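Here are the chains, one letter per residue:
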Amino acid sequence: PASFHFFIPGVGQFYNGNVGSGFAFLGTNILFNSLWILADNPGMFYVGLFGAIVVNVWSIVDAVSGAKKKNIERGYRVWGSTYLQVIPLYYRHPLA
């Protein structure tokens with residue numbers, strides 16, 4: 001699912017169950033993409049292009065952080081947010 005984030009903003013939010021924010025990211029991305037594609041002057045082109053890039057990056061970051069929160073709520077261990085405790089094990093061979 002992570003590869004879809006690069007092409008369709010909001011898919012990660014839908015996957016996490018955040019339907020409202022998924023529609024918000026998808027709608028704003030459609031708005032900004034149509035703005036820079038249909039722009040008739042350079043100002044609108046750059047505003048639309050910059051807005052589309054910001055929405056795409058923000059959508060990816062939000063989807064990843066939302067997935068981490070959902071995984072913690074479900075009890076899954078997330079490598080970046082757990083501590084690894086190493087306990088030494090002393091083993092004595094029976095023949096020693």
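Criteria and cut-off values
Residues numbered from 1 in each chain as written. Predicted model: local features only at pLDDT ≥ 70, side-chain atom pairs only at ≥ 80, totals over all residues. Heavy atoms only, no water. Phe/Tyr/Trp six-rings, centres within 6.5 Å; stacked < 30°, edge-to-face > 60°. Buried < 20%, exposed > 50% of the residue type's maximum accessible area, 1.4 Å probe, protein only. Helix = DSSP H or I, 4+ residues; strand = E, 2+ residues; numbered from the N terminus. Expected span 1.5 Å × (residues − 1). Contact = heavy atoms within 4.5 Å. Arc of directions from axis to C-beta. Patch = residues over 30% accessible without salt bridge, like charges linked within 9 Å, V, L, I, M, F, W, Y side chains within 5 Å. Areas by Shrake-Rupley, 256 points an atom, 1.4 Å probe, with all protein chains shown as cover. Salt bridge = Lys/Arg side-chain N within 4 Å of Asp/Glu carboxyl O.

K.L.:
Would you mind showing me how to read the packing of aromatic side chains here?
P.N.:
Two numbers describe a pair of aromatic rings. These are the distance of the centres and the angle of the planes. Taken as a whole, this structure holds 4 aromatic pairs when the rule is applied. Between the aromatic rings of tryptophan 36 and phenylalanine 45, the centroid separation amounts to 5.8 Å while the plane-to-plane angle is 80°, which identifies the pairing as edge-to-face. Judged by relative accessible area, tryptophan 36 falls into the partly exposed class, the value being 27%. Note on phenylalanine 45: relative accessible area 28%, which makes it partly exposed. Taken together, the ring pairs connect Trp36, Phe45 and Tyr46 into an aromatic cluster.

K.L.:
Help me out: how do you make sense of helix α4 (residues 42–73) in this one?
P.N.:
An α-helical turn contains 3.6 residues, so a residue and the one three or four places further along point in the same direction. Counted at 1.5 Å a residue, the expected span for α4 with its 32 residues is 46 Å, and the 46 Å between its end C-alpha atoms agrees. Turning to α4, its buried residues number three or more, namely Gly48, Gly51, Ala52, Val55, Ser59, Ala63 and Gly66. Glycine 75, located one to two residues past α4, shows a positive phi value of around 90°.

K.L.:
Sorry, what's going on with the side chain of asparagine 16 here?
P.N.:
You can see asparagine 16 is positioned in helix α2 (residues 11–16). Setting aside its immediate chain neighbours within four residues, asparagine 16 contacts Ala63, Gly66, Ala67 and Lys70.

K.L.:
Would you take a moment to explain helix α3 (residues 19–37) for this structure?
P.N.:
Its 19 residues give α3 an end-to-end C-alpha distance of 27 Å, which sits within 8% of 27 Å, the value for a rise of 1.5 Å per residue. By the burial criterion, the buried members of α3 are Gly22, Phe25 and Asn29. With its buried residues spanning 70° around the axis, α3 presents them on a single face. Of the exposed residues in α3, those oriented more than 90 degrees away from the buried face are Gly20, Phe23, Ile30 and Leu31. Where the residues of α3 are buried, they touch α2 and α4.

K.L.:
Can you help me understand the environment of leucine 26 in this one?
P.N.:
Mapped onto the elements of the fold, leucine 26 is located in helix α3. Judged by relative accessible area, leucine 26 falls into the partly exposed class, the value being 24%. Leaving out residues up to four positions away in the same chain, leucine 26 has contacts with Ile8 and Pro9.

K.L.:
Mind showing me how you'd approach a nonpolar patch on the surface here?
P.N.:
The grouping of Phe14, Val19 and Phe23 at the surface amounts to a nonpolar patch, some 280 Å² of accessible area in total. Taking relative accessible area as the criterion, phenylalanine 23 reaches 54% and is therefore assigned exposed.

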